[in-house]
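Single-letter residue listing:
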Amino acid sequence: MKRIAVFASGTGSNFRTIVQHIQNGHLRAEPALLVVDNSKAKAADFARAHHIPVSLLPPRDFADENAFGRAVIEALEARQTDFIVLAGYLKKIPDNVIGAYPNRILNIHPALLPAFGGKGMYGRHVHEAVFRSGAQITGVTVHLINNEYDAGPIVLQAAVNVRDCQNPAEIAEKVLKEEHRIFPEAIKLLLENPYRIEGNRVIVERENNDQN
Ligand code: GRF
């Protein structure tokens, strides 16, 4: 059974959804650890209530990115982590952590990357940009991370029609619902099937060979 560490910075609704999918047996995995960068992250309250260990690791407490990364790797290895899931985590993942977990760190972005992505494009900033642009279709992207913001190989995307949304908050609400649907699906896909990376694509070699 693969062991997943989740990283969160805020509410943790995606984290909660993932734990629920583990508890109802849909996601065959174990919650190994929650890593938060700040003591106010509400995700930590949910973790503690469900007896999931929490590591509070604020990057600013460390001399530099490498030192922070070493502390993160130590915490992950202490909990025998196989896979990392970034669920609303707002800090940069150090290069040494990416190197320790190659193509095993998933992130969710509330838009259809590469659109509305990159530095500074997170949370409400994304939905405000989508609303300002007049786009009628936005969506969700789950991707493996690399050393650039929001640019790693895409695992799953889902479109969300926001034509009737009157403001960014309505877009956010619709998109978050879709996040909660596809994030567990994307995690399940990679935990239960062999996969390889070709360019910026994730090729999942489904065991029963249905290439739909
Ligand atoms: C989500 O919108 C996600 O796309 C983004 O951060 C938000 C996390 O929300 N990365 P939550 O903390 O999971 O509720």
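Everything here concerns the structure above.
Residues numbered from 1 in each chain as written. Predicted model: local features only at pLDDT ≥ 70, side-chain atom pairs only at ≥ 80, totals over all residues. Heavy atoms only, no water.

Draft legend 1. Fine view of the packing of helix H5 (residues 124–133) against helix H6 (residues 168–192). For the pair H5 and H6, the least separation of the axes is 8 Å and the interaxial angle reads 115 degrees. For the crossing formed where H5 meets H6, the hand is right-handed. Where H5 approaches H6, its residues His-127, Glu-128, Val-130 and Phe-131 are matched on the opposing element by Pro-168, Ile-171, Ala-172 and Val-175. Here the residues of the contact of H5 with H6 are counted per class, giving six nonpolar, one polar and one charged. (Axes fitted to C-alpha atoms, helices over the stretch in contact; angles between N-to-C directions. Helix = DSSP H or I, 4+ residues; strand = E, 2+ residues; numbered from the N terminus. Left-handed = near helix turned anticlockwise from the far one by under 90°. Contact = heavy atoms within 4.5 Å. Nonpolar A, V, L, I, M, F, W, Y, C, P; charged D, E, K, R; others polar.)

Draft legend 2. Broad picture of the side chain of Glu-178. Here Glu-178 shows up in helix H6. In this structure Glu-178 comes out as buried when scored by relative accessible area, which is 16%. The residues touching Glu-178, leaving out its near neighbours within four places in the chain, are Val-140, Ala-158 and Val-160. (Buried < 20%, exposed > 50% of the residue type's maximum accessible area, 1.4 Å probe, protein only.)

Draft legend 3. Fine view of the pairing of strand S2 (residues 29–36). Within S2, six of the eight residues are buried, which leaves it mostly tucked inside the rest of the structure. As paired elements, strand S1 (residues 2–8) and S2 share seven bridges and run parallel to each other. In the sheet register, Ile-4 faces S2, and the bridge partner there is Pro-31. Handedness of the crossover is the feature at issue here: the chain leaves S1, passes through helix H1 (residues 13–23), returns alongside S2, and the resulting connection is right-handed. (Pairing = 2+ DSSP bridges. Right-handed = clockwise from strand over helix to strand, strands pointing away.)

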